[in-house]
Amino acid sequence: MGPITILMIGLVYLALLFGIATWAERRKLQGKSVINNGTVYALSLGVYCTAWTYYGSVGRAASSGIDFLSIYLGPTMMAAFFWPVLRKIIRISKVLQLTSLADFVSTRYGKNFSLAVMVTVFAAVGLIPYIALQIKSITHSVSALAQQQSGAGQQTVAIAVMAVVLMVFTMFYGARSVDTAEKHEGLVAVIAFESVVKLVAFLAVGIYVTYGLYNGFGDLFSKARQNPNIANLLLLKPGKGYFDWMAMLALSMFAILLLPRQFQVGVVENVHEKHVYKAIWMLPLYFLLINLFVLPIAVGGMLSFGSSIEADSFVLALPLADGKLGLSVLTWLGGFAAATGMIVVETIALSIMISNNLIMPILLRLGRFQKPGQNQLQAIILWIRRGSIAVVLALALLYSFTTGESLSLVSIGLISFCAVAQFAPAVLGGIFWKGGNKNGAVAGLAAGFALWIYTLALPHLWPQSSFVLAGLGGQAWLKPQALFYLEGFDPAAHALFWSLLVNVGLYVSVSMFSKANNQDRYHAEWFVDVFKHGANGNNSLVWRGVASLADLTALLGNFIGTERSQNLMAAYANRHAIPLNHTQKADPRLVAFTERILGSTIGTASARIIVSTVAKEEELQNDALINILRENQQTIEVNKELRRQGQELQKTTRLLEVANTQLKQLDAQKDEFLYTVTHELRTPLTSIRALSEIVQDNPDLPHQQRQQYLEAIGNESERLSELITKVLLLERYETGRHRVNLAPVMLAQLIRHVVERMQPVATAKNITITCAIADWQALVQAEQQLITQVLYNLLGNAVKFAKSNILVALHADYQEWQVSITDDGKGIDPALHQFIFDKFFQAHNQTLTKPEGTGLGLAISKKIVALHGGSIYVSSKPQAGATFVFTLPI
Amino acid sequence: MANSKILVVDDDPYILMSLEFLMKKNGFDVAVARNGAEAMELLQSMQPEAVLLDIMMPDVDGYQICAHIKSTARLSACKVVFISAKTSEADVQRGYDSGASLYITKPFSTRHLVKQIKELMVPAAP
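A quick note: this is a predicted structure, and the numbers were derived from the prediction, not measured. (Residues numbered from 1 in each chain as written. Chains lettered and ligands numbered in written order. Predicted model: local features only at pLDDT ≥ 70, side-chain atom pairs only at ≥ 80, totals over all residues. Heavy atoms only, no water.)

## Looking at the overall build of chain B
Turning to step 1, where the next piece is worked out: Looking only at helices and strands, chain B features five helices and five strands.
Turning to step 2, where the next piece is worked out: Ordered by position from the N terminus, the helices and strands of chain B form the series β-α-β-α-β-α-β-α-β-α.
Turning to step 3, where the next piece is worked out: Here chain B holds 126 residues, and 50% of them are scored as buried.
Turning to step 4, where the next piece is worked out: Counting contacts in chain B only where the partners sit at least 6 residues apart, residues at least 24 apart contribute 60% of the total. (Helix = DSSP H or I, 4+ residues; strand = E, 2+ residues; numbered from the N terminus. Buried < 20%, exposed > 50% of the residue type's maximum accessible area, 1.4 Å probe, protein only. Contact = heavy atoms within 4.5 Å.)

Here it is, written out as C-alpha cells:
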C-alpha cells in the first residue's frame, strides 16, 4: 500500500473526527449533550491507553512477560479510590473553576504564581517526549503499512500532512472559547469515539491471531511452551521484580489522576460527579478488554518472526505478513486513534497551562491589556492558546525526528509517568492534609524534578556519557541509575524511589517547619474541607478586595465581552442578593466572582494579577484570617453541639410520645373499666330494687312467687358483693399495691384440697372431677391464698361449663410447674382465646347466654399468676372442651 | 277491645321477670324475649304497641332492634322504650335519636316506670 493511499485513509478518518466533533457540539446547542453521560465519561478516560498500549504492551510482553500489566493494574486499583479522591478534585475544580493541574496546585498553595510556572514547565518537559512518542508510533506504523513500496520522502510528506491536519483539529476544537471552564463537547466525544476504535481494532487483531493464525489460546500457548525463549516469558520469576512491580503500580496509579490529559478529561471535562461512579467499574473493564490479547499477540509475533523485527510492531506486522489488507488497515487505524487521542488531549491540556501560566502573565504585565475597552483581548487569548498548541506539537515533532530510532515505546512512557508522579505529593497532600504549604510544595517539586532529570531523563538522552556510566565526577555513589549504590532495579523504578522519597520528605518536613502565608492557610482549610461547604461553596472564599463595579465589569468585558460580562455580574448579584450600585464600591463577593471568571479564562495566577490592577486588596491581617478560621471552627463546633442537642430532643420527644400514648391507653382502659363496672353493678341492683318494690307493693302475692322473688333478691345481692370484692382485688393487683407474700406452698396438696372443696358442687351437677397428680410434693414459692383463688376460679369455670368430666393434672417442665384443668364442655372459639383473660370479656361478648359470675375471674387469675412469674393460657376447640393451664416457676 | 300488647326484651332473667310481672299487673298483654334474636323473631309475627328494650345484649343489641322497628312499615305504630344501664347523657341522647319514645335508666323505680308507660300508652287508648 502506497503512502498516499495511507494518507487518504488517515485524512478520511480525521474528517470523520471533525464530523463527530461538529455533531456533538450541535447536539450541545440543542440541549442534548453527548458527553453528559457516564459511559462517554468512562470511555474518554480511556485516553490513558495510547499507542504505547496499542503497540508497546506487546513489545514489553515480548521482552519481559506479564510486566506490561502493571501499568493497567495501578489505575484499576486507583479506580477504587475515585470516589474519595477524583471526586474531591472535581468538586474543588468545579467550585473554583480551575481548568488545569497548574491552576489546581497554585490555587491550593495560596494562588502562588511560581508554583503554577513550575508545574507548567515540569509538565511540558515531562510530557512533550511522550507526545513525540505518539508521533513516532504513527511514523513507524505508516512505514510498516507502506512496507518497502516507496521511498522515505513520500512517507514523510504523508506524516507531515496528517500532522498538520491534526494540529488544525486540535486548534479548532481545543480552543473554541476563551472560557476554558466551558466543556469541549466535540473534543470529548471524539476521544470517547477513539477509545472505541482502538479497542475494537485491538480485539480484532487479537481474535485474528488467536483464532485465525492459531487454533485458540490452547494451541497458541502449547506452541509457545515448546520454544524455551517464549516459555520463559510466561513464568513469573521468583524473587525478581517485586520492587519494580510496586514501583510500576505506584507510577500508574498517580498517572491515571495526574497526567495532564487525564486531568483534562477526568476533571475539567467532567459534566457531573455521578459519572465517576460509572467510571469506577467501566474503566477497569476497558483495561481488561484491551489487555486480553496482548500475550497471544506477543507470543504469535515471536513464533512468526522470532527477533527479526521489533516486537513493538508485531500488532501491525502479523496481519500484514498474512496479506490481510483490510484487517491491517483497521489495525493501523486503531493505533492511529490511540496516538491521535493522546496527542490532541495532552496538547490541549499543556497548551492551556502554557498560555495561562507562562504567556498571559507576561503579556498582562505589559499594561496595555489592563485598560478597559479592549474587546480584541478575547481573540488574542484564543490565538495565544492556539499558538501554544502549535508550539507544543512542533516541539514534539522536533523531538520525535531528532531522537534515535532505538527508543522503545515503553521507556519514554515510563519516563513521563515518573515526571507526573512528582505532582502527587503536592496534589494529594494538598487535598487531604491541611498542614501542607507552599514552601513544602515548591521544595518537594523542585527536588523531585531535579532527581527525575538526573536519574532518568539525562541517562535516557545520553546513555553512553561518562557521568552515567561512572557517576558524576567519577563518584560511583552518584551514578544516576544506581544512586547511593542502589542497584538492580528498573531505571524508572529506581528514579521513582529516589525522586518521590525526596519529594515527599521535603514536602512534609518543609511544610512542617515553615510558616504558611494566610492565603495558603485559608485555601488549605478550604480544599481539605471542600465537602463541608456544600455543592456551591462560593461564598466562603476570602477576598477582601475593594473596587468599583464599573471597573470590574469593564475589566471582565475585556476578556469575555462587555455584554456577557454585564449579564454575568447581574446574574450573580441577583443570585446572592447583592445590590448593584455603579457609583459605589463593589461588594467583595463581586470582586471574588470576577477573579474566578477570569481564572477560568486565563488561569488563576493571571487572574490575580489582572484583578489586582483595579482592586486594592485589603491585605488580610494575620489576626483577621485566624479569626475567620476560628469562627469557622467554632461554628462547626456549635453546629455539632446543636445537632447533638436536636437529636437528643427528638429522642426525648419520641419517648414522651410513647409514654403519652401509653398513658392515654391506660386512661381509656380505666374509663372503660369504670363504665363496665358501673354497668355490671347496675344490673343486679336493678333486679334487687324492682323485685323488692314488687314484693312491697303486692302484699297479696302468692307465697311461692314471693319466695322466688326474695331468693332472687338474695342471689343478686350476693353477686353484687362478690363483684365489688373482685373489683377491689383486681385493683389491688393491678396497681401493685398488693405485695405478694411468698412462702413455700405444697402445690399438689393445695390442688387436692381445692378439688375436695369443689366436689359437692360438681356432684350436684353430675360432674366427675379426676385428679391426675403423681405422688409428689411440688414445692413452690407462692402466696397460698392467691393460688387457691386461681384454682377456685378455674375449677369453678370448669364446673360451670363441663358436661360430665373434669381432669385436673400437674406436670413438671424444665423450669416450671404446669397445672391444667380440662373440661368436656362446649369449648371456646380459638379466635377468642386472646381475649378471654380480659376484664369483663364475658360482658362485652355475650355469646354465652346469661353471664354467670362476675367476668373478672380469669382477669384476676391472670394477674395473680403474672405476679408469681408464671403464665396462663387456654387451648380449646369449639365442641371439644377446654384446657386451662397455668404455670409457676420451680 | 283487647289489651295493649307489649313486648319486653332483656337478657337478665330477674329484670325480665320483674318487668313481665309489672306489665301484666297493669293490664297489658305481655310477650317476653330473653335476648335480641328472640325479640327479632317475635317481631316477625306480632305487632306490639310498645317494646321495652334493653340495649346491651349479646348478638343483637337494642339499637338494632329499634332500627328494625323504625324501618318496618308494619311496626310504625310501635313505640320503643329503652330500659338500659347505659346512663350517660350521650347514651340517652343516642337512644332518643334512634327514635325511642322513652329512655329509662337502670335501676328504675317500679312505680315511676309503670306511670310513665301508662302515660305513654294513653293516647292510643280509646
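## A few points about the overall build of chain A
Turning to step 1, where the next piece is worked out: Counting secondary structure elements, chain A contains 34 helices and nine strands.
Turning to step 2, where the next piece is worked out: Looking at the 890 residues of chain A, the share that counts as buried comes to 53%.
Turning to step 3, where the next piece is worked out: At a minimum sequence separation of 6, the contacts of chain A that also span at least 24 residues come to 81%.

## Looking at the confidence of the model for chain A
Residues and elements named next belong to chain A.
Turning to step 1, where the next piece is worked out: This prediction gives chain A a mean pLDDT of 83; 90% of its residues lie at or above 70.
Turning to step 2, where the next piece is worked out: Scored below 50 in pLDDT, residues 535-542 shows 22 contacts in the model against residues more than four places distant or in partner chains.
Turning to step 3, where the next piece is worked out: Low confidence marks residues 619-623, where pLDDT is under 50. Its contacts with residues over four positions away, or in another chain, come to nine contacts. (pLDDT = per-residue confidence, 0-100.)

## Some points on the nonpolar core
All names here are of chain A.
Turning to step 1, where the next piece is worked out: Among the nonpolar cores identified, the biggest contains 171 residues, and F82, I297, W332 and F423 are the most heavily contacted of them.
Turning to step 2, where the next piece is worked out: Dropping the residues within four chain positions of it, F82 is found in contact with L45, R87, I256, L257, V276, A279, I280 and L283.
Turning to step 3, where the next piece is worked out: One finds A762, I769, L858 and I872 within the second-largest nonpolar core, a separate group that totals 51 residues. (Core = buried A, V, L, I, M, F, W, Y, C linked by side-chain atoms within 4.5 Å.)

## Concerning the packing of aromatic side chains
Turning to step 1, where the next piece is worked out: Scanning the entire structure with this criterion turns up 33 aromatic pairs over all chains.
Turning to step 2, where the next piece is worked out: What links up through ring pairs into an aromatic cluster is the set Y48(A), W52(A), Y72(A), Y130(A), F287(A) and F417(A).
Turning to step 3, where the next piece is worked out: Seen from the ring of W383(A), R386(A) lies directly overhead, with NZ or CZ sitting 4.7 Å from the centre.
Turning to step 4, where the next piece is worked out: Of note, R94(B) hangs over the ring of Y63(B), and the distance from its end group to the ring centre comes to 3.6 Å. (Phe/Tyr/Trp six-rings, centres within 6.5 Å; stacked < 30°, edge-to-face > 60°. Lys NZ or Arg CZ within 6 Å of the ring centre and 35° of its normal.)

## Thoughts on the interface of chain A and chain B
Turning to step 1, where the next piece is worked out: Taken together, the contact pairs 26 residues of chain A with 24 residues of chain B.
Turning to step 2, where the next piece is worked out: Carbon and sulfur atoms make up 58% of the area that chain A and chain B hide from each other, which totals about 2300 Å².
Turning to step 3, where the next piece is worked out: Taken together, chain A and chain B are joined by two salt bridges.
Turning to step 4, where the next piece is worked out: Between D697(A) and R111(B) there is a salt bridge whose closest N-O contact spans 2.9 Å.
Turning to step 5, where the next piece is worked out: For the interface between chain A and chain B, the tally reads seven residue pairs in polar contact (both at pLDDT 80 or more).
Turning to step 6, where the next piece is worked out: Counting residues per element, the ones that place at least two in the side of chain A that touches chain B are α29 (622-697) and α30 (703-735) of chain A.
Turning to step 7, where the next piece is worked out: With 14 residues, α29(A) is the single largest residue contributor to the side of chain A that touches chain B.
Turning to step 8, where the next piece is worked out: Class assignment for the residues of the side of chain A that touches chain B results in eight nonpolar, 11 polar and seven charged. (Buried area = accessible area lost by both parts, 1.4 Å probe. Salt bridge = Lys/Arg side-chain N within 4 Å of Asp/Glu carboxyl O. Polar contact = N/O pair within 3.5 Å; in protein donor to acceptor, adjacent residues only side chain to side chain. Nonpolar A, V, L, I, M, F, W, Y, C, P; charged D, E, K, R; others polar.)

## With respect to the sheet that holds strand β5 (residues 102-105) of chain B
Residue and element names in this part refer to chain B.
Turning to step 1, where the next piece is worked out: An order of β2-β1-β3-β4-β5 is seen for the five strands of this open sheet, with the pairing classed as parallel. The open sheet has two edge strands with one neighbour each: β2 (29-33) and β5. Between one strand and the next, the sheet's axes are offset by a mean angle of 20 degrees, whatever the strand orientation.
Turning to step 2, where the next piece is worked out: Two strands pair when backbone bridges link them, and strand β4 (residues 79-84) and β5 are joined in this way by four bridges, in the parallel orientation. Paired with F82 across the two strands is Y103, which belongs to β5.
Turning to step 3, where the next piece is worked out: In the packing of helix α2 (residues 36-45) onto the sheet, contacts are made with β1 (5-9) and β2, and the angle to β2 comes to roughly 135 degrees. (Pairing = 2+ DSSP bridges. Axes fitted to C-alpha atoms, helices over the stretch in contact; angles between N-to-C directions.)

## Some remarks on the packing of helix α3 (residues 51-64) of chain A against helix α17 (residues 325-365) of chain A
All names here are of chain A.
Turning to step 1, where the next piece is worked out: Contact geometry of α3 with α17 gives a least axis separation of 6 Å together with a crossing angle of 125 degrees. When the interaxial angle is binned, α3 and α17 end up oblique. Residue-level contacts link A51, Y54 and Y55 of α3 to L330, T331, W332, G334, G335, A338 and A339 of α17.
Turning to step 2, where the next piece is worked out: Among the residues forming the contact of α3 with α17, the class breakdown is seven nonpolar, three polar and no charged. (Parallel < 35°, antiparallel > 145°, perpendicular 65-115°, else oblique.)

## Here we look at the pairing of strand β3 (residues 50-53) of chain B
Residue and element names in this part refer to chain B.
Turning to step 1, where the next piece is worked out: A two-sided burial pattern is seen for β3, the buried positions comprising A50 and L52 on one face and V51 and L53 on the other.
Turning to step 2, where the next piece is worked out: Two elements, β1 and β3, share four bridges in a ladder whose sense is parallel. Across the sheet, I6 pairs through a bridge with A50, a residue of β3.
Turning to step 3, where the next piece is worked out: Sheet topology note: the β3/β4 ladder contains four bridges and is parallel. Bridge assignment links L53 to a residue of β4, and that residue is F82.
Turning to step 4, where the next piece is worked out: Taken together, β3, helix α3 (residues 62-70) and β4 form a β-α-β motif whose crossover is right-handed. (Right-handed = clockwise from strand over helix to strand, strands pointing away.)

## Focus on the pairing of β2(B)
As a general feature of sheets, a regular strand has side chains that alternate between the two faces.
Turning to step 1, where the next piece is worked out: Relative to β2(B), β1(B) is paired through five bridges, and the arrangement is parallel. Bridged to L7(B) within β2(B) is A31(B).

## Thoughts on the environment of S71(B)
Turning to step 1, where the next piece is worked out: Within the secondary structure, S71(B) sits in the loop between α3 and β4.
Turning to step 2, where the next piece is worked out: A polar side-chain atom of S71(B) sits 3.1 Å from the main-chain carbonyl oxygen of H68(B).

## Concerning the sheet that holds strand β6 (residues 805-812) of chain A
All names here are of chain A.
Turning to step 1, where the next piece is worked out: Taken together, the five strands give an open sheet; going across it, the order is β4-β6-β7-β9-β8, and neighbouring strands pair in mixed fashion. Strand pairing shows two members of the sheet lacking a second neighbour, β4 (768-772) and β8 (872-876), which therefore form its edges. Here the strands of the sheet are splayed against their neighbours by 15 degrees on average, with no regard to which way each runs.
Turning to step 2, where the next piece is worked out: Running over the sheet, helix α31 (residues 747-764) touches β4, β6, β7 (816-823) and β9 (882-889) and is turned about 170 degrees from β4.

## Observations concerning the environment of L127(A)
Residue and element names in this part refer to chain A.
Turning to step 1, where the next piece is worked out: Within the secondary structure, L127 sits in helix α7 (residues 113-146).
Turning to step 2, where the next piece is worked out: Considered as a pair, L127 and F417 are 290 residues apart in the sequence and their alpha carbons are 8.5 Å apart.
Turning to step 3, where the next piece is worked out: Discounting chain neighbours no more than four positions away, the residues touching L127 are L259, P260, E346, L350, S416 and V420.

## Overview of a nonpolar patch on the surface
All names here are of chain A.
Turning to step 1, where the next piece is worked out: Together, W281, L285, L288 and L292 make up a nonpolar patch on the protein surface, roughly 400 Å² of accessible area in all.
Turning to step 2, where the next piece is worked out: Structurally, L292 can be placed in the loop between α14 (275-291) and α15 (294-305).
Turning to step 3, where the next piece is worked out: For L292, a relative accessible area of 43% corresponds to the partly exposed category. (Patch = residues over 30% accessible without salt bridge, like charges linked within 9 Å, V, L, I, M, F, W, Y side chains within 5 Å. Areas by Shrake-Rupley, 256 points an atom, 1.4 Å probe, with all protein chains shown as cover.)

## A few points about the packing of helix α9 (residues 185-213) of chain A against helix α16 (residues 314-321) of chain A
Residues and elements named next belong to chain A.
Turning to step 1, where the next piece is worked out: At their nearest, the axes of α9 and α16 sit 10 Å apart, and the two run at 50 degrees to each other. In terms of their interaxial angle, α9 and α16 are classed as oblique. Relative to α16, α9 is oriented so that their crossing is left-handed. Judged by residue contacts, F202, V205, Y208, V209 and L213 of α9 engage V315, L318 and P319 from α16.
Turning to step 2, where the next piece is worked out: Taken together, the residues of the contact of α9 with α16 sort by class into eight nonpolar, no polar and no charged. (Left-handed = near helix turned anticlockwise from the far one by under 90°.)

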